[in-house]
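Examination of the molecular architecture
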Amino acid sequence: MILIGYSGHAFVAYGIFTAAGKKVTGYCDNEEKQYNPFSLSYFGKENSDAATAAFETAGFFIAIGDNKIREKVYRLLAAKKLYPANAVHPSAVVDASAVIAADGVMIAANAVINPLAKIGIGAICNTGCIIEHECVVGDFAHIAPGAVLCGNVKVGHNSFVGANAVVKQGVSIGNNVMIGAGAVVLKNVPDNVTVVGVPAQIK
């Protein structure tokens, strides 16, 4: 497996693949990193010939926490018919009726995804988050560590739910939304806003 990106989020992805018994051999980034804690080989930028060849033989994962950059890289490679693997930690609990997109999803350690939930392409379900029954997490969204989506919550494309935030059952969160850490979201949130606080308010 080759990681695209090689900093904090990639280190978590490395741990997930290792725990799942999959060997990570290299990384791509804009430049070779001086800090290389797992002694991985550098394959250049993700659009280099060396990287493309490695992706085709070893598989790859886009280990970039920023939603918009992760989507940009995904689109670039999908145009070449190259699609990332999923990264699912063996300690995660994913109900058999949940629907997980095939491309680039991260489900980190101790995450819980309950019945009939749907997780979109390139979404991140980070460490210890809880995604309850019938929730929908949009493409390239990020549910941060410890966040809780109660039942029937919808999180839009490219949105971010901060660490330990709680979203009340049935609430819909729009596209490109930022929900602050520890927020308690009790009502629907429109597109393109930031909400913070308890109860959460538009900033």
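Further up the page is the structure itself.
Residues numbered from 1 in each chain as written. Predicted model: local features only at pLDDT ≥ 70, side-chain atom pairs only at ≥ 80, totals over all residues. Heavy atoms only, no water.

In this fold, Asn164 is placed in the loop between β17 (160-161) and β18 (166-167). The residues touching Asn164, leaving out its near neighbours within four places in the chain, are Pro145, Gly146, Ala147, Gly182 and Ala183. (Helix = DSSP H or I, 4+ residues; strand = E, 2+ residues; numbered from the N terminus. Contact = heavy atoms within 4.5 Å.)

Moving on to the layout of surface pockets. For the largest pocket, the calculated volume is near 230 Å³. In this structure, the largest pocket is lined by Ile4, Gly5, Cys28, Asp29, Asn30, Glu46, Ile64, Ile69, Lys72, Val73 and Leu76. Considering each element in turn, the lining of the largest pocket owes the most residues, 4 residues, to helix α3 (residues 67-78). When its residues are assigned to classes, the lining of the largest pocket shows 6 nonpolar, 2 polar and 3 charged. Here the second largest pocket is characterised by a volume of approximately 180 Å³. Forming the boundary of the second largest pocket are Gly65, Asp66, Asn67, Lys68, His142, Asn158, Phe160, Asn176, Val177 and Met178. Its residues assigned to classes, the lining of the second largest pocket comprises 3 nonpolar, 5 polar and 2 charged. (1 Å grid on protein atoms, 1.4 Å probe; cavity = no way out; pocket = protein on both sides within 12 Å on 5 of 7 lines; lining within 4 Å. Points joined across faces, edges and corners; volume = space filled by probe spheres on them. Nonpolar A, V, L, I, M, F, W, Y, C, P; charged D, E, K, R; others polar.)

As a further point, take the packing of aromatic side chains. The final tally for this structure, using the stated rule, is 10 aromatic pairs. Between Tyr6 and Tyr27, the aromatic rings sit 4.3 Å apart at their centres with planes inclined by 20°, giving stacked as the arrangement. Of this pair, Tyr6 sits in the loop between β1 (2-4) and α1 (8-19) while Tyr27 sits in strand β2 (residues 26-28), and the two are 21 residues apart along the sequence. You'll find Tyr6 and Tyr27 in the same group, each marked buried. Ring geometry for Phe11 against Phe38: centres 5.8 Å apart, planes inclined by 80°, an arrangement best described as edge-to-face. Here Phe11 is found in helix α1, whereas its partner Phe38 is found in the loop between β2 and β3 (41-42), with 27 residues between them in sequence. Judged by relative accessible area, Phe38 falls into the partly exposed class, the value being 30%. (Phe/Tyr/Trp six-rings, centres within 6.5 Å; stacked < 30°, edge-to-face > 60°. Buried < 20%, exposed > 50% of the residue type's maximum accessible area, 1.4 Å probe, protein only.)

Once that is clear, we can look at the nonpolar core. Counting 34 residues, the largest nonpolar core has Ile131, Ile143, Leu149, Val161, Ile173 and Ile179 as the members making the most contacts within it. Ignoring sequence-local partners within four residues, the contact set of Ile173 consists of Lys154, Val155, Gly156, Ser159, Val161, Val167, Ile179 and Val189. Of all hydrophobic cores here, the second largest spans 17 residues; its members include Val24, Ala63, Ala87 and Ile124. (Core = buried A, V, L, I, M, F, W, Y, C linked by side-chain atoms within 4.5 Å.)

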